[in-house]
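Structural overview for review
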Amino acid sequence: MLVRVLNRLTASPLIATLAAAALFMPASAYAGEFTDLMDAADNFDDRDPATHDPFDFNLEPTFRFDYGTARISREAACVPTGGSSSTVDENPRLVRDSGRCSEATVVNNKEMLYRQTRSTLDITLRAGLYKDLEFRATLPYVFESSRALKYADDDPSGRRIVDAANSSVDPSDDRIRRHAETVFQPGESASEFAAGLDDFQLYRFFDLSNQYSTARSRSGLADPTIGLHWAPWNDHRDPTKATLALGMDYTMPVAEVERFDNSAVGRGLHVLSWSVNSSKKFDWIEPYFGLKYNLPLASTNSLYGRTDPNAESQGQVLLNPPMSGMFTVGTEFIPYEDAETGARYGIDLRFSFGYTSEGRDYTALFDHMTSDGNECNNRTIDSVRPEFDGDGNLLNPDDVACAWVVRQPSNARPLPVYDVREAIESGDSSEFAFRDIATVGSYGTFAGQLGLNLQPSRYFQFKAVGGITHHQSHLITNARTGRNSAQSGDNTVALTGPDARYERNPAYNPSYDNSGARFRIENYNIWHFAVTAALQF
């Protein structure tokens, strides 16, 4: 019944061949669930009471539950056991393990386990306008959506159980103190402190424990979608052709945008989606395939777009959310169908493969990084400078561990601060807080699902779907340093000094965007469950 194209792509060669071959096999049957559309004004010209159908309308409430798990790792320098590299020897995050690297390189250390849940009720209205032209509208309400993190303590061998003694996300005060005392010195100048930030490695980004913690639980109306779908070919009307359904949907950014200071779930995106789906039934099997492309465009009140309102700033490389494309292939098996009563029972097996481009987006770290409960937010530069007693012992490890927040220009309010040294010397008292989305890498997705379609009469249908989507490993902090501008006469990107305001990326933070410090999400799987009770008129 629903034109449902998953956001993924894949293709079993056997199923793809079957689907392509089926397009040319004559058959006489109703369109399958994947390409079925509401129609109206059937046999409009002759108005035969037996076949005239002036009106088709469906009301389809769907409850969805998504449960996802992943591991979040972080890059670290690695040298063979007993090896040495002058540039990394003082790095407390250095890995010395010949089993992990045979030469100096970068490896991924697991840091956190991630869990997400989301419960949603979609109310979908579908109406036939004329023959195989359908209008549809979906209003989603999210009952609960949460992101939870904890130390990665799932190693059955016990070789790397992450806790405060080895974490680079929430290290212990003692580790922070020992490392800071080797990097910073009492009475150092603004230039020396700014330079030391590049060498300091044990920042505390937010608090963790060995139990999952959620910074915020979200709920509320999500962005609604409207669309038009049309089938120029329908194998029920013309058995010599396969059903071909073309669709365009528009998601409207009318819900409150998800931010650090609310529990909303809106994204603030205009999303245009185009789809092409086709199916052909023969006997009790109906193979199908589909293509879909999603183009998100940021609205003016979203977190996407420029992070520095100054028009002279040209350093931000990526502004837009990721685009995505999907290919879906599958088969519906129909063991029983009665055209006279409208009864129909089907089993739907579907596979998908998709690609999501690089872009700016929400990540698994968003709620924890942006939370007001994060002690590193709302800081000044002076508040994160080290303080020592007369014996050279660090007195404020908690403050120094938050210095990462002042290293990203766009974290400053009301305007970005590009040079920490200059800010200290000028007495700048701007507050810094991370309230941003992140630059994420591109990745592929693979999905499979099994659906059960039960329609005892032409007026009611029940559907149940279960499936899993796998997201390939990808970076979730990956901002570029910036880009050269005509303001300077060289071919380099100025990260400090007067030209930094033109060339440095205001969303770039070397604490987690530099190679060797970036975060990556891995083993990311989302289980999907949905039930629909469709009333058909």
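Cut-offs used in this document
- Residues numbered from 1 in each chain as written.
- Predicted model: local features only at pLDDT ≥ 70, side-chain atom pairs only at ≥ 80, totals over all residues.
- Heavy atoms only, no water.
- Helix = DSSP H or I, 4+ residues; strand = E, 2+ residues; numbered from the N terminus.
- Contact = heavy atoms within 4.5 Å.
- Buried < 20%, exposed > 50% of the residue type's maximum accessible area, 1.4 Å probe, protein only.
- Arc of directions from axis to C-beta.
- Disulfide = S-S within 2.5 Å.
- Salt bridge = Lys/Arg side-chain N within 4 Å of Asp/Glu carboxyl O.

1. Brief notes about the overall build of the chain
- Along its length, the chain carries eight helices and 19 strands.
- Counted over contacts in the chain with a minimum sequence separation of 6, partners at least 24 positions apart contribute 75%.

2. Considerations on helix 2 (residues 173-183)
- Within helix 2, the full set of buried residues consists of Arg175, Ile176, His179, Ala180 and Val183. Summarising the axial view, the buried residues of helix 2 lie within an arc of 120°, below the 170-degree limit, and thus occupy one face.
- The elements touched by buried residues of helix 2 are helix 3 (190-199) and helix 5 (397-400).

3. Points about the state of the cysteines
- Enumeration over the complete set of coordinates arrives at two disulfides.
- Paired by a disulfide, Cys78 and Cys101 hold their sulfur atoms 2.1 Å apart. The sign of the -80° torsion about the S-S bond sets the Cys78-Cys101 disulfide as left-handed. With a gap of 23 residues between them, Cys78 in strand 1 (residues 57-79) and Cys101 in the loop between strand 2 (95-96) and strand 3 (105-130) connect regions that are remote in the sequence. We note that Cys78, like Cys101, is buried.
- Once the disulfide-bonded cysteines of the chain are ranked by sequence position, their pairing pattern turns out to be 1-2, 3-4.

4. What about the pattern of salt bridges?
- Scanning the model with the defined rule gives 32 salt bridges in all.
- In this structure, the salt-bridge partner of Asp122 is Arg64, at a minimum N-O distance of 2.7 Å. Within this pair, whereas Asp122 is found in strand 3, its partner Arg64 is found in strand 1, the two being separated by 58 residues in sequence.
- Overall, the relative accessible area of 9% leaves Asp122 in the buried class.
- Arg64 sits in the partly exposed class, given a relative accessible area of 28%.
- Measuring nitrogen to oxygen at the nearest pair gives 2.5 Å for the salt bridge that ties Asp132 to Arg237. Here the residue Asp132 occupies a position in the loop between strand 3 and strand 4 (133-151), and Arg237 occupies one in the loop between strand 6 (225-233) and strand 7 (243-251), the gap between them amounting to 105 residues.
- Taking the relative accessible area as the measure of exposure, Asp132 reaches 6% and is therefore buried.
- Under the relative-accessibility criterion, Arg237 is labelled partly exposed at 38%.
- Each member of the salt-bridge network shares a partner with another, and the members are Arg147, Arg218, Glu258, Arg267, Asp361 and Asp367.

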